[in-house]
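# Inside the fold
This is what each chain is made of:
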Amino acid sequence: MLCGNRGLTVEIIKGMPTFSFLKEIEGREVVKEEKGFAICNQHGKYDCILQTLKNGEVINSECPECVREREEAEKQKEQERQKQKERERIAKNIQEGNIEIDYQGLTFDDYRAETEQQKRALEAVYNLIKGQKKKVVLLGETGLGKTMLGSLAVKYMGGKIYRMYDIATMIRQSYSYNAKKTELEIVEELSSIPLWVVDEIGKVGNSEAVRNWFSAIIDKRHTRKLPLILAGNLHFKSTCKHQGGCSECFENYFGNDVLSRLSQDTTIVVMKGKDNRNLKNFDLYN
């Protein structure tokens, strides 16, 4: 006996109990339903449900192995579509994130976490990306990977990374009569982007103007629960060589309102280790 819609050989097993399959196929009434076997050209014999339509046509349920293979192929296609979508998203983040070219092609696997502090810094940024923390402060000397970690966070989360000097320059330029953006527009943009990374904090003097716009941005981002990374060479008063602290003490650089915000939902890591940039240059010539 040949199956009406597939041209497959089928065998009806008489007297076997049946169960409900479909009562209508493409609007055609099913008059009889039986268990049987069909032969798939690819996978051989398989159990199936045979349905006889009112016009005498027999329809058999599809080969389960064919169904599985088709679903697996669709699953793989969907996975590839999602991977391509993620690649496009990351490419857009790189294009819009102000990431330096040296860091654009890197991943977290390229980060050399050689000390416990560097491992903690890496974990802190991971937790930020996963949404477990909202603020990360990375302090330490140059060459320990602070800029790299901040750039990678922007690469995967979106947003922008700026040096403190760049932001201060943008703010100053907004005072010009032909400026493209006002100070308020810059502050609102930095208060709204998915992730704001500020690198080289401490490289710009903590004037009242700097404290004011910095405080406004951090306050808005805190209220909106938007993530933030601060990175720089500042140190804490407890480790300062000067009695009473100095201008490079973390506590002296920011106003009390900023320090209050940073005391909430923040991971602070003081990084120590070798300057990887100096080490890299040394390897080139020795």
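Residues numbered from 1 in each chain as written. Predicted model: local features only at pLDDT ≥ 70, side-chain atom pairs only at ≥ 80, totals over all residues. Heavy atoms only, no water.

## Focus on the overall build of the protein
Cut-off, in case you're wondering: Secondary structure follows DSSP: runs of H or I at least 4 residues long count as helices, runs of E at least 2 residues long count as strands, and numbering of each begins at the N terminus. Here's how the labels work: a residue is buried when its accessible area is under 20% of the maximum for its type, exposed when over 50%, partly exposed in between, all with a 1.4 Å probe on protein chains only. Note on contacts: a residue pair qualifies if any of its non-hydrogen atoms lie within 4.5 Å across the two residues. Method for areas: the Shrake-Rupley scheme with a 1.4 Å probe, in which residue coverage is limited to the protein chains shown.
Of the regular secondary structure elements, the protein holds ten helices and ten strands. By residue count, 40% of the 286 residues in the protein fall in the buried class. Here the analysis covers contacts within the protein between residues at least 6 apart in sequence; of these, 65% occur between residues at least 24 apart. Taken as a whole, the protein presents about 17000 Å² of accessible surface, with 49% of it coming from carbon and sulfur.

## A short note on the environment of K160
Here is the rule: By the criterion applied in these results, polar contacts are pairs of N or O atoms within 3.5 Å in which, for protein atoms, one can donate a hydrogen and the other can accept it, and in which residues neighboring in sequence qualify only through two side-chain atoms.
With respect to the element layout, K160 can be found in strand β7 (residues 160–163). For the pair K160 and I99, spaced 61 residues apart in sequence, the C-alpha to C-alpha distance is 7.5 Å. Those residues within four positions of K160 in sequence are excluded, and the remaining contacts are E96, G97, V154, E189, I193, L195, W196 and V197. Side-chain polar atoms of K160 contact the backbone oxygen of E96, separated by 2.7 Å.

## Let's talk about the packing of helix α6 (residues 183–190) against helix α7 (residues 208–223)
Between two packed helices, the angle of one axis relative to the other and the distance separating the axes together describe the packing. To keep things clear, this is the line we draw: Axis definition: a line fitted to C-alpha atoms, over the contacting stretch in the case of helices. Angles run 0 to 180 degrees between N-to-C directions. Here is the rule for angles: anything less than 35 degrees is roughly parallel, anything more than 145 is roughly antiparallel, 65 through 115 is roughly perpendicular, and the remaining ranges are oblique. Crossings are sorted by hand: turned counterclockwise from the far helix by less than a right angle, the near helix makes the crossing left-handed, and turned clockwise it makes it right-handed. In this count, Pro and Cys sit with the nonpolar residues alongside Ala, Val, Leu, Ile, Met, Phe, Trp and Tyr, while Asp, Glu, Lys and Arg are called charged and the others, Gly among them, polar.
One can describe the packing of α6 onto α7 by two numbers: an axis separation of 9 Å at closest approach and a directional angle of 40°. Overall, the two elements α6 and α7 adopt an arrangement that is oblique. The two elements α6 and α7 meet at a crossing, and its hand is right-handed. Taking contact as the criterion, the partners of E183, V187, E188 and L190 in α6 are, on α7, W213, A216, I217, K220 and R221. Here the residues of the contact of α6 with α7 are counted per class, giving five nonpolar, no polar and four charged.

## Regarding the pattern of salt bridges
Our working definition: Whenever a carboxyl oxygen of Asp or Glu lies within 4 Å of a side-chain nitrogen of Lys or Arg, that contact is scored as a salt bridge.
According to the stated counting rule, one finds 13 salt bridges in the structure shown. Note that R70 and E62 form a salt bridge whose closest N and O atoms lie 2.6 Å from each other. Taking the relative accessible area as the measure of exposure, E62 reaches 28% and is therefore partly exposed. In this structure, K220 and E188 form a salt bridge, with 3.0 Å as the shortest nitrogen-oxygen distance. Pair noted here: K220 is in helix α7 and E188 is in helix α6, with a separation of 32 residues, a long-range link. Judged by its relative accessible area of 26%, K220 falls in the partly exposed class.

## Comments concerning helix α3 (residues 116–129)
The line we're drawing: Helix span, as expected, comes to 1.5 Å for every residue beyond the first.
Spanning 14 residues, α3 covers 20 Å between terminal C-alpha atoms, matching the ideal 20 Å at 1.5 Å per step. By the burial criterion, the buried members of α3 are Q118, A121, L122, A124, V125, N127 and L128. Phi turns positive one or two residues past the end of α3, at G131, with a value near 85°.

## Some words on the confidence of the model for the protein
Worth spelling out the cut-off: What pLDDT expresses is the predictor's confidence in each residue, scored from 0 to 100.
Here the protein averages 84 in pLDDT, while 86% of its residues score no lower than 70. Confidence over residues 1–25 falls short of pLDDT 50; this stretch has 68 contacts with residues more than four positions distant or in other chains. Every residue in residues 278–286 scores below 50 in pLDDT, and together they form one contact with partners more than four places removed in sequence or on other chains.

## Here's the deal with the pairing of strand β4 (residues 44–53)
Strand residues, when the strand is regular, have side chains that alternate between the two faces of the sheet. Quick note on the threshold: In this description, strands pair whenever DSSP reports at least two bridges between them.
A large share of β4 lies buried, amounting to seven of its ten residues. Where β4 meets strand β5 (residues 58–60), three bridges bridge the pair, whose relative direction is antiparallel. In the strand pairing of β5, Q51 is matched with I59.

## Quick notes on the side chain of K146
In plain terms, the rule: Residues scored as charged are limited to Lys and Arg (positive) and Asp and Glu (negative), so that His and the chain ends carry no count.
Relative to the assigned elements, K146 resides in helix α4 (residues 146–157). One buried charged side chain, K146, makes no salt bridge at all; its nearest oppositely charged neighbour is D199, positioned 6.3 Å away. Aside from chain neighbours lying at most four places away, what touches K146 is L138, L139, G140, E141, A231, G232, N233 and M271.

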